[in-house]
Structure formats: C-alpha cells, structure tokens
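# Structural features, examined
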Amino acid sequence: MKIIEITMHRMNMRMKNPFTTSFGTEQDREFIILEAKDEDGTIGWGECVTSESPLYIEEFTKAAWVMLEEYLIPLTLGREFSHPDELTDLFEPFKRNNLAKAAIDAAAWDIYAKQQGISLAQAIGGCRTDIEVGVSLGIEDDIEKLLNNIKEKTEEGYKRIKVKIKPGKDVEVVEQIRKQFPDIPLMVDANSAYTLDDMETLKKLDPFNLMMIEQPLTAGDLIDHAELQKHIKTPICLDESIHSYDDARQAIQLGSGKIINMKVGRVGGITTMKRIHELCKEANVPMWCGGMLESGVGRAHNIAVTSLSTFTLPGDTAASSRYWEEDIIDPEVYVKDGIVQVPASPGIGYEVNREKLAKYTVEKKTFKQ
Ligand SMILES: O=C(O)CCC(=O)C1=CC=C[C@@H](O)[C@@H]1C(=O)O
Ligand SMILES: [Mg+2]
C-alpha cells in the first residue's frame, strides 16, 4: 500500500433538526471527508468527525485541517505500508489529535480492504452480517416533543433509545419517559455535566431501569467515575474518558465504568479500536459504537466496527435519514426494524456520491506525493 494522493473536503451539512446536549446545540455540521488514492488507483474514504467548536473534545475542524495538512498528510504520502496498522505507530509521536489521525487511518483501512477484495468488516475481524442499532435523541425544551421523538423512533424499530440529560433536565424527564414507555431499552448520556456533588441526583436515576448512564462526570476522569459507580446501581458507560488503549485498561482496572462507548475517531483509528476491543473481550466489558453525527462515510465505518464480537449493545448508528435530507453515499444507510445489514462488498461497502460530496464541500485541497 502506498498512498500517493490525499484530498481533504471541508464539508458543511445542515442537519434536519438541531441536536442539543449538555454542552450545546449543533445543526450545521462542519467536518472533513478525507479521500486517499493508492498508487494502484484504489480510493479509500475517511471522515474527520470534528465539529466547528471544541465543545465535545479539544479538537475542532479548522485545527484538524491544519493538523492533517501540516503533519499527518506529509508523513503519509508516498510511504510504503504493508498494513494499515503501521499508521498508528507512524502518528504516535504527535500527541492526541485523534480525530484527525483517525480520518487518514480510516481511509487507509478502506483502501486495504478493497485491495484484499474483502469488506472492511471482514478486514477488521467482524463476525456479524447484520447489526442492531439504537438512536440518540437530543435535549428538548418541550418534554412532549421528546416523548413524541421517542414514540416515533420506537415505532421505527430502533433497538434502544438514548436521551441526553443535564442538571435540571434529568430525573423528572426520565420519570416522564418511563411513565409513557415503561419497558423500552433506555439509556441516558450526560456528556460530563455532573460532579460527585451531584451523587444524590444521579442516585435518583437508579429506579428507572436504565441500561446505563453515559459519561456522567468530567471528560478524562476515571477516579471519580469509579467512586460514583460504587454508589449507583445503573452501569456507567464511558465515552469522553477513553482516548487510548491505556485509558481503557486503567478504566477497567479501576472499575470506572462497566461499558465503553467506542468511537474510532476518539481513540485515533481502527487499529487502537481493535486493541481496545480485545481488551474488553478479555475483561468481559461490553461495547457499543457511538456516533458523532456523521455523514454516510463515518456511518459506514461505524457499521463495520459494530460487526465485531464484543459490540454486544445497540449503538448510535442510526439511518442517514435520522439527520440528513440527503446523505453523500449511495445507497444511504437504511435501518429496518432496528437492523442494519453489514455490506459484504469490498471496503466500506458504500459509494461516495461525488455530486452530493461536491454540493456540500466548502473547501477542497489535494496533496500529491
Ligand atoms: O451520531 C449520533 O447519532 C450520536 C450523537 C451523540 O449522541 C453524540 C454526538 C457527539 C458528541 C456527543 O454530543 C454525543 C455523544 O456523546 O455520544
Ligand atoms: Mg456520549
């Protein structure tokens, strides 16, 4: 494998509805689609899942663009690789910048799978031909709107509902949800909105039979999550605290959480994701594939990831239509009764629609060896 050309497409796509979490509201997604060409002509695709602002994580799209242009793309172009695993070691000297690293890593894995004539799912060791998926719903000012969103998505067959919470929009909201939907598989995501001082509030979530509470405390924290888990029944799921293999190893050792929301971007690529997957398999820690409001390119990668054996819980890879009037891939990602078929065709298994890609591209730059 030798990547001789990389094109970055800075995208601006408007989601159907605003998406509100404990840290803010997003509707216009600004992210990067990365297109890599091998010397044999094979094209691979990756998505840098940053947002315009560094609210979920320290990275943001304009910074990732510079990181890719100044450091990661020059290091990659023209270099011989026997396997995409080698990119993780190549990028290791640069601290963090995982979402940027993962964009090239993903494109390289797509090329590799295509060159092997196998699906990305097969290339990473997947064991499923179809996956169960859930859906993530943002905070709504009007509880009736949230209840209606839950009704709609439950009727569409999604296998679990994730709702965002924050102080003041937590216990009462979950109580209202459980009144109307006593038995649906339900979880909450706090996006680090609480501290140990909120222990009594978080304990009040225990009676609602939640599958998990995702990232209640500070991003990067492991110690306080371990303390909190001793005092609440609801399993803690970690998202913003897991950025590396060592974070996952220490979280398991400390008992900081019982479940991991895996996002390939957050850990810097597929190779590290696979190492964490093996760790979780050994430790019997279930995983699911989180989402970053991706376009179809990122969604395609997430479908392959979810085919791995320890991804035993429905993730956030909803249909393209959950967010987009039109997606940039053909076919779009469809969900039927909460199930997505894992493509068997080589690579990510979806074609990028170049006309739609161009329609939403605000800036484009090509780098050649
Ligand atoms: O992509 C999806 O549908 C999941 C969206 C989602 O829940 C999140 C996206 C990005 C950051 C966060 O807001 C949140 C998460 O923490 O998982
Ligand atoms: Mg989360």
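How each quantity is defined
- Residues numbered from 1 in each chain as written.
- Chains lettered and ligands numbered in written order.
- Predicted model: local features only at pLDDT ≥ 70, side-chain atom pairs only at ≥ 80, totals over all residues.
- Heavy atoms only, no water.
- Axes fitted to C-alpha atoms, helices over the stretch in contact; angles between N-to-C directions.
- Helix = DSSP H or I, 4+ residues; strand = E, 2+ residues; numbered from the N terminus.
- Parallel < 35°, antiparallel > 145°, perpendicular 65-115°, else oblique.
- Contact = heavy atoms within 4.5 Å.
- Nonpolar A, V, L, I, M, F, W, Y, C, P; charged D, E, K, R; others polar.
- Donors = N, O, S within 2.8 Å, 3.2 Å for Na, K, Ca; no water.
- Buried < 20%, exposed > 50% of the residue type's maximum accessible area, 1.4 Å probe, protein only.
- Near = heavy atom within 4 Å.
- Polar contact = N/O pair within 3.5 Å; in protein donor to acceptor, adjacent residues only side chain to side chain.
- Areas by Shrake-Rupley, 256 points an atom, 1.4 Å probe, with all protein chains shown as cover.
- Domains from an automatic or database assignment.
- Pairing = 2+ DSSP bridges.
- Disulfide = S-S within 2.5 Å.
- UniProt positions renumbered as here; feature names shortened; annotations may be inferred.
- 1 Å grid on protein atoms, 1.4 Å probe; cavity = no way out; pocket = protein on both sides within 12 Å on 5 of 7 lines; lining within 4 Å.

Right, let's talk about the packing of helix H3 (residues 98-116) against helix H10 (residues 270-283) for a bit. It is the contact of H3 with H10, at a shortest axis distance of 8 Å, that shows an interaxial angle of 85 degrees. Judged by the inter-axis angle, H3 sits roughly perpendicular to H10. Contacts between H3 and H10 involve Asp-105, Ala-106 and Trp-109 from the former and Ile-270, Thr-271 and Lys-274 from the latter. Looking at the contact of H3 with H10, its residues break down into three nonpolar, one polar and two charged.

Bound to the magnesium ion (ligand 2) on the protein side are Asp-189 (OD), Glu-214 (OE) and Asp-239 (OD), at distances that span 2.0 to 2.4 Å. All donors to the magnesium ion (ligand 2) come from one chain, and their sequence spacing reads D-x24-E-x24-D. With Glu-214 in strand E8 (residues 213-214) and Asp-239 in the loop between strand E9 (236-238) and helix H9 (245-254), the pair connects residues that are 25 residues apart, well separated along the chain. Accessibility assignment for this pair places Glu-214 and Asp-239 in one class, buried.

Another point: unusual backbone geometry. Between Asp-330 and Pro-331 the backbone carries a cis peptide bond, its omega angle lying at -15 degrees. Among the structural elements, Pro-331 can be located in the loop between strand E12 (329-330) and strand E13 (339-341). Positive phi, normally seen in glycine, also occurs at Gln-215, with a value near 45 degrees. Relative to the assigned elements, Gln-215 resides in the loop between E8 and helix H8 (223-229). The phi dihedral of Asn-284 falls on the positive side, at around 60 degrees, and the residue is not glycine. With respect to the secondary-structure elements, Asn-284 resides in the loop between H10 and strand E11 (287-289).

Turning our attention to the environment of Glu-30. Within the secondary structure layout, Glu-30 lies in strand E2 (residues 24-38). Sequence-wise, Glu-30 and Ser-53 are 23 residues apart; in three dimensions their C-alpha atoms are separated by 9.1 Å. Non-local contacts of Glu-30, meaning those with residues more than four positions away in its chain, are made with Arg-10, Met-11, Thr-50, Ser-51, Glu-52, Thr-61 and Lys-62.

In the region of ligand 1, 19 residues are neighbours, and Lys-164, Asn-191, Lys-263, Leu-293 and Tyr-323 sit closest. Here an oxygen atom of ligand 1 and a side-chain polar atom of Asp-239 are 3.0 Å apart. In the model, an oxygen atom of ligand 1 is placed 2.8 Å from a nitrogen or oxygen of the Leu-293 main chain. Contact with the protein chains covers 97% of the free accessible surface of ligand 1, which is 400 Å². Partitioning the shell around ligand 1 into residue classes produces six nonpolar, five polar and eight charged. For the shell around ligand 1, the domains that each give at least three residues are domain 1 (3-117 + 352-368) and domain 2 (122-341).

In a beta sheet, neighbouring strands are held together by backbone hydrogen bonds and run either parallel or antiparallel to one another. Strand order in the open sheet formed by seven strands is E5-E6-E7-E8-E9-E10-E11, with parallel pairing between adjacent strands. Of all strands in the sheet, those bounded by a partner on one side alone are strand E5 (135-137) and E11. Two elements, strand E10 (residues 259-262) and E11, share three bridges in a ladder whose sense is parallel. From the neighbouring strand, Met-262 faces E11, where its bridge partner is Cys-289.

Its location among the elements puts Arg-266 in the loop between E10 and H10. Residue Arg-266 is classed as buried on the basis of its relative accessible area of 1%. Here the side chain of Arg-266 touches Asp-239 through a polar contact of 2.7 Å, side chain to side chain. Among the polar contacts listed, one links the side chain of Arg-266 to the backbone oxygen of Ile-242, at a separation of 2.5 Å. With near-sequence residues (within four places) excluded, Arg-266 lies in contact with Tyr-56, Ile-57, Asn-98, Leu-99, Asp-239, Glu-240, Ile-242, His-243, Ile-260 and Asn-261.

Under the defined criterion, the tally for this structure stands at zero disulfides. Not part of a disulfide, Cys-237 finds its nearest cysteine sulfur in Cys-280, a span of 10 Å. On the basis of relative accessible area, Cys-280 is assigned to the buried category, the value being 0%.

The UniProt record marks Lys-164 and Lys-263 with the feature "active site" (unreviewed entry), using the residue numbering of this structure. Annotated residues from the preceding list that form part of the lining of the largest cavity: these are Lys-263. Inspection of the secondary structure assignment puts Lys-164 in strand E6 (residues 161-164). You can call Lys-164 buried: its relative accessible area is 7%. Excluding residues within four positions of it along the chain, Lys-164 makes contact with Phe-19, Thr-20, Thr-21, Ser-136, Leu-137, Gly-138, Ile-139, Asp-189 and Asn-191. Among the structural elements, Lys-263 can be located in the loop between E10 and H10. Beyond its immediate chain neighbours, meaning those up to four positions away, Lys-263 contacts Tyr-56, Asp-239, Gly-290, Gly-291 and Met-292.

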